[in-house]
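# Structure assessment
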Amino acid sequence: MTPVPTPLASRLAALDLPEDHPERERLILEALGDASPPVREVAIAWAARVLEPGVLVPLVAEGSNALLRNAALAALERQGPYAVEAVERAVATDDTDLAMFACQVLGSIGGASSVAPLLSALGRSEVNVIQAAAEALGRLGRREAVMPLVDLLQREPWLQLAAADALGTIGDPRAAEALLALVPDTMVAEPALDALARIASPAALPQLVTLLTDQRNRRLRGPLLRAVGAILGAEKAEVAGDSKHTSTPSAQDATPSTHDLTATGRTIEADHGVDSLWQFLAERLGGGEEAPALPSTQHPGDDRSRSRSGNVTLRAAAALVLAGGITSLFPLFLRWADERDGRAWVQPLAWRYHDRLASVAGSLLAHPDPAVRAGALWTLPPATVGADQLRAALEDSAPAVRVAACYSIGVIGDAAAAKRLATMLDSGSAAECSAAAEALTRLPQEAQLAFLAPRLEPSTDEAILVAVLGALALSPCPALDERVLRLAGAVTGQLRRSAIRAVAAIAGPRAEVLLLRALADRDPGLQVEALDLLVGRGGDRVRTTLLAMLGIGDSLRYHVIRALGRLGRPEAVAPLERLFATAPLHERIEILTALAHLGGDAAREFLRQCLDQPLPEIRRVAAQGLAALAEPEDLDLLGRLARDRDWVLRSEAARALGRLGPGPARPVLLDLVRDLEPAVARTARAALAQR
Amino acid sequence: MNEATEADWKLLTDLLEERFGLNFSGARQEILGARLRPRLEALHLDGLREYYHYLCFHPGREEELAELTRRITNNETYFFREAAQFDAIVRHVLPESAHIMRERPLRILSAACSSGEEPYSLSVRLVDSGSEFMGARWEIDACDLNPDRLECARRAVYEGFAFRNCDEETRRRCFQEVEPGRFLLRERYRRAVRFFHANLAAPFVGTGWGSYDVILCRNVLIYFAADGFDRLISRFAQLLRPGGYLFLGHSESLFDRGADFEPAYFPDSMAYRRIRCPA
């Protein structure tokens, strides 16, 4: 007779037995092989919590029951550092499957001590074990594994594949030569190129370029180009926003490639045929994508996939075009700079190769496509373009070109353009108005007084005033301070907000008084902004005012409490503690957060006392504060928090113990690593890894 | 902004799951972070934990939760998306529901309709099928969590991307160009569609809900956590009359879950059918 299966709910409830129940271990072990995924999931959490690694490891060798084996693996992975020693021993076992799975678990756990057993596993005869060990060594990212992994590149394709990927992850240039030897004629040529892209060793560049320009390697053009691009710095950090005002090509930006690619550029330029490399680059620069290059975390339906920020192959193509001086493709590259997102990656790349662009500046600035003309102005050093040409660009028929010209004129401070900029400020589009205002703030003082001062009057059109004040907030002009201060009492909210931002950029007590007055503005949003601006300035008067404002129980007090925390002045501790007793809950939470920012013995003691408060959220915030302030003498307290029923408190305890460093806390962290709540376990694991 | 800890993420994503049924664990955290950043800036907050506290305890939390719904819902939609399902309703569901339509209009729900492209697409297909002349009648209810999108739906003015799967002829016939590049859906397609605000993760109470013959809930369940998914499916089972149809997105499935439904296959698409109560 077939036994009637216990209902799901009963099987789940059976796992939640008291710690000392004699049947608990048996039930957990049984549930690890349960057919229901939810039951297994709960059983894995309990197994990680209560079973010793020595009990779990033999289950991994359970070849006849894949469910049980996989559940045991998952439990060991969750145990992390707690299981490392037992799993490391399992790598040396004669059981091939067990050794292979043990390697996989060690790769997931990521402990440095695992390098030695994994390197020994590379010497075994079973391909599965060697492959798993190679993959695990890649995940560990340890450089001592590089040469043994390089040796694997001589072996069968599965091992070549694992080793190439691991070497790419480790990123050591010693692997470059051996990886290049796999290109173009092996099964693993593409993974090898992917690894070379991640290593980005300049020594590999000449050979990669030779391979790329060889027509016979057409099928590998994408990966070859990405590897070349990585070496040429195509993926270097982007700049935030438009940084042209503050930056012209620096020595670092202008560092040439270690390998002169002009000859390569000439070769590419010589053939514009249908199947040529030139055509391939043109398609990439035109926005065509050969293969998906979204980050792995990006969902295809995510609207960011339509971003114009450029993908890996596009940027690689741009880097090669610039480094090789392939001038016929410069316009396609520059068009990307016409939009703000594009400029973030185009500008640094252009500055690195500014000499190439400068050599054909004239033709780029006269290009029939306005996007190219604007792109040239955004990327070429303004001094290279010259003041006459920039002034001429202010008369361009395309607004985007005129805007770009404004920025360049601001950089060189060309006073002769002031009159035209003022006209744009008065009658241009919103973008022109803003660009012209910013350019005018960067001109010599006489030009500022002549063209900006008359426009800083209450009678000026509001859009113009807002543009000028916005520019002055970024780049204050002392000669105009008086007029800006007068505008802080403007009638409309938008104008007062712009004025307050510009006021914040002005030094001295008068500006500070105006900001303090703005704390009582009728617009609550402006009050909060003024508060932020004051905190940014700091100072005794600000602190005194804010402490006085603690006595006013309005909606701004929430922000005042936060501001006092950010100011970091210890005098605020006692008043905040006094307010705590009577404040509403949302303010009490902010008081505790502010005390954590302020620090010191008194704040720490207050947070400790709050751990006895009845409200769970107060205890949580107090624990969060202690995680930032705890001292070694708090270890006992943190040990108690680590056993609290509330997972947030256990998580904060793990964070605090990680911050305090090595010592008697390790057993506590090893216990938290096996916590039923994954967020606590991960925090504890990160804390152990810090040490 | 302060770097978010594991606990910060869990507190916030648990709250979103509890309030809206939406799952932002794993890789979706990054998407959530990008969508929340403007809110943190607007509220002058330094990190996710502070935002979590704001959502739970600040006096302005209800307004912020409403604002949050605008940020975290995915509004990606367009006319005639997965159009084979509309054809299945016109060619198969409508004829077999003739006996119902003799008594009352066929009742259809478009759940999580965003800016209205889905219910309007169905309306276009139904009107253009000429079924009205053979006695067919229908009502389409459409709901969404995001009040801004519902407002767009009521305006029924569309542009650009909304027409990516709509041919020129259909656009000219069904829409009127009200300004360059902006098109208003003609009244005859709008009149059978009613919109209302609803949180699919909350119990179905208040106005708007009724007993339906067809429910469309497409490309929504992929954002729901397992518990929320199961709860919503059992609510749909309550809302559908026995024998009624549930249409999901092509990447969504009730395989191995939802004992109240059985697959129903049409020539170019499939749906799930509410199992009839045993006699």
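Residues numbered from 1 in each chain as written. Chains lettered and ligands numbered in written order. Predicted model: local features only at pLDDT ≥ 70, side-chain atom pairs only at ≥ 80, totals over all residues.

Once that is clear, we can look at the overall build of chain A. Each helix and strand in chain A was counted, giving 44 helices and zero strands. Principal-axis analysis of the C-alpha atoms places the extent of chain A at approximately 95 × 80 × 50 Å. The buried share of chain A, taken over its 691 residues, is 47%. Long-range contacts, defined as pairs at least 24 residues apart, comprise 67% of the intrachain contacts of chain A with a sequence gap of at least 6. (Helix = DSSP H or I, 4+ residues; strand = E, 2+ residues; numbered from the N terminus. Buried ≥ 20, exposed ≤ 12 C-beta atoms within 10 Å, placed from the backbone. Contact = placed C-beta atoms within 7 Å.)

Glancing now at the overall build of chain B. Of regular secondary structure, chain B possesses 11 helices and 10 strands. Computed over the C-alpha atoms, the radius of gyration of chain B is 20 Å, within 12% of the 19 Å expected from 2.2 N^0.38 for a compact globule of 279 residues. Structurally, chain B occupies a C-alpha span of about 65 × 55 × 30 Å along its principal axes. Across the 279 residues of chain B, 40% fall into the buried class. For chain B, the share of sequence-separated contacts (at least 6 apart) that also reach a separation of at least 24 residues comes to 75%. (Rg over C-alpha atoms; globule rule 2.2 N^0.38 Å.)

This part covers the domain arrangement of chain A. All names here are of chain A. Its domain assignment divides chain A into domain 1 (538–629) and domain 2 (634–691). One C-alpha centre belongs to domain 1, the other to domain 2; they are set 25 Å apart. Per element, the largest residue contribution to the side of domain 1 that touches domain 2 is seven residues, and it comes from helix H40 (residues 616–629). (Domains from an automatic or database assignment.)

All names here are of chain B. With antiparallel pairing, three strands are arranged side by side in an open sheet as E3-E5-E4. Either end of the sheet is taken by a strand with one partner, and the two such strands are strand E3 (157–159) and strand E4 (175–179). For this sheet the average axis-to-axis angle between neighbouring strands, irrespective of direction, equals 40°. With three bridges joining them, E3 and strand E5 (residues 182–185) adopt antiparallel strand pairing. By the bridge assignment for E5, Tyr 158 is matched with Phe 183. (Pairing = 2+ DSSP bridges. Axes fitted to C-alpha atoms, helices over the stretch in contact; angles between N-to-C directions.)

A word on the confidence of the model for chain B. The predicted coordinates of low-pLDDT regions are not to be read in fine detail. With 95% of its residues at a pLDDT of at least 70, chain B reaches an overall mean of 89. Our summary of model confidence lists the complex with pTM equal to 0.76 and ipTM equal to 0.76. (pLDDT = per-residue confidence, 0-100.)

Residue and element names in this part refer to chain B. Across the sheet, which stays open at both edges, the seven strands sit in the order E6-E2-E1-E7-E8-E10-E9 with mixed pairing between neighbours. Pairing within the sheet leaves two strands with one partner each, and these edge strands are strand E6 (193–197) and strand E9 (261–265). Adjacent strand axes in the sheet meet at a mean angle of 25°, parallel and antiparallel pairs treated alike. For strand E1 (residues 106–111) and strand E7 (residues 212–217), the ladder comprises three bridges, and the chain directions are parallel. Of the residues in E7, the one forming a bridge with Leu 109 is Ile 215. Together, E1, strand E2 (138–144), E6 and E7 form the strand contacts of helix H7 (residues 117–128), whose direction differs from that of E2 by roughly 165°.

For an α-helix, the turn length of 3.6 residues means that residues three or four places apart are oriented alike. Residues and elements named next belong to chain A. An ideal rise of 1.5 Å per residue puts 20 Å on 14 residues; helix H3 (residues 37–50) measures up with 20 Å between its terminal C-alpha atoms. Among all positions in H3, only Val 39, Arg 40, Val 42, Ala 43, Ile 44, Ala 45, Trp 46, Ala 47 and Ala 48 are buried. Contact partners of the buried residues in H3: helix H1 (8–15), helix H2 (24–32), helix H4 (53–60) and helix H5 (66–79). (Expected span 1.5 Å × (residues − 1).)

The next point concerns helix H7 (residues 96–109) of chain A. All names here are of chain A. For H7, spanning 14 residues, the distance from its first C-alpha to its last is 20 Å, which sits close to the expected 20 Å at 1.5 Å a residue. Considered for burial, the residues of H7 that qualify are Leu 98, Ala 99, Met 100, Phe 101, Ala 102, Cys 103, Gln 104, Val 105, Leu 106, Gly 107 and Ile 109. Summarising the contacts, the buried residues of H7 are in contact with H4, H5, helix H6 (84–91), helix H8 (115–122) and helix H9 (127–140). Downstream of H7 by a residue or two, Gly 110 has a phi angle that is positive, lying close to 80°.

Frequently, the measure chosen for interface size is the accessible area that the parts lose on association. In this complex, chain A contributes 18 residues to the contact, which on the side of chain B involves 14 residues. Elements with a contribution of two residues or more to the side of chain A that touches chain B: helix H34 (524–537), helix H38 (585–598), helix H42 (647–660) and helix H44 (678–690) of chain A. For the side of chain A that touches chain B, the element with the highest residue contribution is H42 of chain A, accounting for four residues. Grouping the amino acids of the side of chain A that touches chain B by side-chain chemistry returns five nonpolar, seven polar and six charged. (Nonpolar A, V, L, I, M, F, W, Y, C, P; charged D, E, K, R; others polar.)

Before going further, it helps to spend a moment on the packing of H8 of chain A against H9 of chain A. All names here are of chain A. In the contact formed by H8 and H9, the axes pass within 8 Å of each other and the chain directions differ by 145°. Handedness of the H8/H9 crossing: left-handed. Only Val 129, Ile 130, Ala 133, Ala 134, Ala 136, Leu 137 and Leu 140 of H9 make contact with H8, whose side of the interface consists of Val 115, Leu 118, Ala 121 and Leu 122. Taken together, the residues of the contact of H8 with H9 sort by class into 11 nonpolar, no polar and no charged. (Left-handed = near helix turned anticlockwise from the far one by under 90°.)

In this section: the domain arrangement of chain B. All names here are of chain B. Assigned domains of chain B: these are domain 1 (6–72) and domain 2 (84–274). For domain 1 and domain 2, the distance between their C-alpha centroids amounts to 29 Å. On the side of domain 2, 11 residues touch domain 1, which itself brings eight residues to the contact. Going through the elements one at a time, helix H1 (6–20) and helix H4 (61–72) are the ones with two or more residues in the side of domain 1 that touches domain 2. When residues of the side of domain 1 that touches domain 2 are assigned to their parent elements, the largest contribution, three residues, is made by H1. For the side of domain 1 that touches domain 2, the per-class residue count stands at two nonpolar, three polar and three charged.

Before going further, it helps to examine the packing of H4 of chain A against H5 of chain A. Helices that pack against each other are described as a pair by the angle of their axes relative to one another and the distance between those axes. Residues and elements named next belong to chain A. Where H4 meets H5, the axes come as close as 8 Å, and the angle between the chain directions of the two elements is 145°. Handedness of the H4/H5 crossing: left-handed. Residues Pro 53, Leu 56, Leu 59 and Val 60 of H4 pack against Leu 68, Arg 69, Ala 72, Leu 73, Ala 75, Leu 76 and Gln 79 of H5. Residues that form the contact of H4 with H5 fall into these classes: nine nonpolar, one polar and one charged.

Residues and elements named next belong to chain A. A cis amide bond, omega 10°, links Val 183 with the succeeding residue Pro 184. Topologically, Pro 184 is positioned in the loop between helix H12 (176–180) and helix H13 (189–199). The backbone of Ala 200 sits at a positive phi, close to 55°, despite the residue not being glycine. One can find Ala 200 in the loop between H13 and helix H14 (205–213).

Turning our attention to the nonpolar core. All names here are of chain A. Cys 103, Val 228 and Leu 440 are the most contacted members of the largest nonpolar core, which totals 311 residues. No other element matches helix H18 (residues 312–323), which puts 10 residues into this core. Setting aside residues up to four positions removed in sequence, Leu 440 forms contacts with Ala 418, Leu 421, Ala 422, Leu 425, Ala 447, Gln 448, Phe 451 and Leu 452. (Core = buried A, V, L, I, M, F, W, Y, C linked by C-beta atoms within 7 Å.)

Let us now look at the environment of Leu 480 of chain A. Residues and elements named next belong to chain A. Considering the arrangement of structural elements, one finds Leu 480 in the loop between helix H30 (462–474) and helix H31 (481–486). Sequence separation between Leu 480 and Ala 548 is 68 residues, and the spatial gap between their C-alpha atoms is 32 Å. Among residues more than four places away in sequence, those in contact with Leu 480 are Gln 448, Leu 452, Ala 453, Leu 456 and Leu 472.

In this section: the confidence of the model for chain A. All names here are of chain A. Taken residue by residue, chain A gives an average pLDDT of 89. The fraction at 70 or more is 92%. The low-confidence segment residues 239–257 (pLDDT under 50) makes 28 contacts with residues lying over four places distant or belonging to another chain. Between residues 290–310, whose pLDDT stays under 50, and residues either more than four places distant or in other chains, the model counts 26 contacts.

Glancing now at the pairing of E2 of chain B. Residues and elements named next belong to chain B. Counting buried positions along E2 gives six out of seven residues, so the element sits mostly inside the fold. Pairing geometry for E1 and E2, over six bridges, is parallel. Across the sheet, the residue bridging to Arg 107 is Glu 139, located in E2. This β-α-β element, E1 to H7 to E2, shows right-handed connectivity. Sheet analysis places E2 next to E6, joined by five bridges and oriented parallel. Following the sheet pairing, Cys 143 is matched in E6 by Phe 196. (Right-handed = clockwise from strand over helix to strand, strands pointing away.)

Relative to the helices and strands, Ala 72 of chain A resides in helix H5. Residue Ala 72 of chain A is classed as buried on the basis of its C-beta count, with 28 C-beta atoms lying within 10 Å.

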